[in-house]
Amino acid sequence: MAVVKGSPHQRLKVVAYNPGTDFIRRAFLILLLLGALVSTYLAGSWHVSTRLNVVLDQKEVIEKDLEDKTVKVDSLTQRVAVLEEGSKLDKQASDAVRQSVKEYRDRIAELEKEVTFYKNIMAPGSKNTGLHIQKLELTPTSDAQRFKFKIVLTQLEKNQSYLNGQAAVSIIGQLNGQKTIYSLRELSEDYKDLGIKFRFRYFQNIVGELKLPEGFKPEEVQVILQTQGRKPVRVDSAFGWAMGESINNVGQ
């Protein structure tokens, strides 16, 4: 057999063909692959299960913490509500105390005025003796045309005797641009006579309500006192309507 120079020499091996062995080999490989897949799946499942348990534990801890914080928030909310309510009550109590103090101070001022009033009656000065129209009070009502009035008559004498007489009260103002005078009996249902009778030793109050006619603008109130007896006395006084301030007080 001739050999060609320069060509490589290769060895050939003849193997007998066995179909059964080849099938077994392939089956083994398939089983090995399936085993690897199953192992991988089981390992993954175990990892997922473990992670799930950890997450569930963490979830339980978080839920417990959330529940505790919710309870604390509710408790703090209730405390805030209690404090706010307490603050409101404190403010209301403080306002009530301030109002009471104001009312007491106003009442004390009124009592001081009354004390001064009675002192002047019981122990008058030498220049203030005789019959006086002490003051006129005008108080508005819910009706803009209706007013309450109070006229205080006093006798300032060291040895008082009873005074008897009559008082004439007139309201002077403008109606349709004209000066108009109304007697008290024309405006008040409390008095029907032109003169209001009085009898007192120290003081007497003339009180009631009057209603002004529509369009009438009051300017002043005139009060005239006329006593009866051996030495009759006449006293005239005029009071500004707005504040009930005395304009003049003349005794004769």
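Residues numbered from 1 in each chain as written. Predicted model: local features only at pLDDT ≥ 70, side-chain atom pairs only at ≥ 80, totals over all residues. Heavy atoms only, no water.

I'm lost on the pattern of salt bridges in this one. Help?
Oppositely charged side chains can pair when the atoms bearing their charge come close. Tallied over the entire structure, the rule returns eight salt bridges. In this structure, Lys64 and Asp68 form a salt bridge, with 3.8 Å as the shortest nitrogen-oxygen distance. Of this pair, Lys64 and Asp68 are both found in helix α1 (residues 19–122), four residues apart, which corresponds to roughly one turn of the helix. Judged by its relative accessible area of 47%, Lys64 falls in the partly exposed class. Where salt bridges share partners, they join Lys91, Asp95 and Arg98 into one cluster. (Salt bridge = Lys/Arg side-chain N within 4 Å of Asp/Glu carboxyl O. Helix = DSSP H or I, 4+ residues; strand = E, 2+ residues; numbered from the N terminus. Buried < 20%, exposed > 50% of the residue type's maximum accessible area, 1.4 Å probe, protein only.)

It is not clear to me how the sheet that holds strand β1 (residues 130–140) should be interpreted in this structure. Could you clarify?
In sheet architecture, strand pairing relies on hydrogen bonds along the backbone and comes in two forms, parallel and antiparallel. Taken in spatial order, the three strands line up as β1-β2-β6 in an open sheet, and their pairing is antiparallel. Looking at which strands have only one partner, the edges of the open sheet turn out to be β1 and β6 (203–211). Ignoring which end each strand starts from, the neighbouring axes of this sheet average 15 degrees apart. Relative to strand β2 (residues 146–156), β1 runs antiparallel, the two sharing ten bridges. The partner of Ile133 across the bridge, within β2, is Leu153. (Pairing = 2+ DSSP bridges. Axes fitted to C-alpha atoms, helices over the stretch in contact; angles between N-to-C directions.)

What exactly am I supposed to notice about unusual backbone geometry here?
Apart from glycine, the bulk of residues carry a negative phi angle, and the bulk of peptide bonds sit in the trans form. Positive phi, normally seen in glycine, also occurs at Asn176, with a value near 55 degrees. Locating Asn176 in the fold gives a position in the loop between β3 (163–175) and β4 (178–183). The exposed category is assigned to Asn176, whose relative accessible area is 72%.

Could you clarify how one ought to interpret the packing of aromatic side chains in this entry?
Geometrically, a pair of aromatic rings is defined through the distance of the ring centres and the angle of the planes. Per the stated rule, a full pass over the model turns up four aromatic pairs. Geometrically, the ring pair formed by Phe149 and Tyr191 is tilted, given 6.3 Å between the ring centres and 40 degrees between the ring planes. Residue Phe149 is found in strand β2, and its partner Tyr191 is found in the loop between α2 (184–187) and β5 (196–200); the two are separated by 42 residues along the sequence. When its relative accessible area of 5% is taken as the criterion, Phe149 is described as buried. Under the relative-accessibility criterion, Tyr191 is labelled buried at 18%. When the centroid spacing of 5.8 Å and the interplanar angle of 45 degrees are considered together, the rings of Phe198 and Phe200 count as tilted. (Phe/Tyr/Trp six-rings, centres within 6.5 Å; stacked < 30°, edge-to-face > 60°.)

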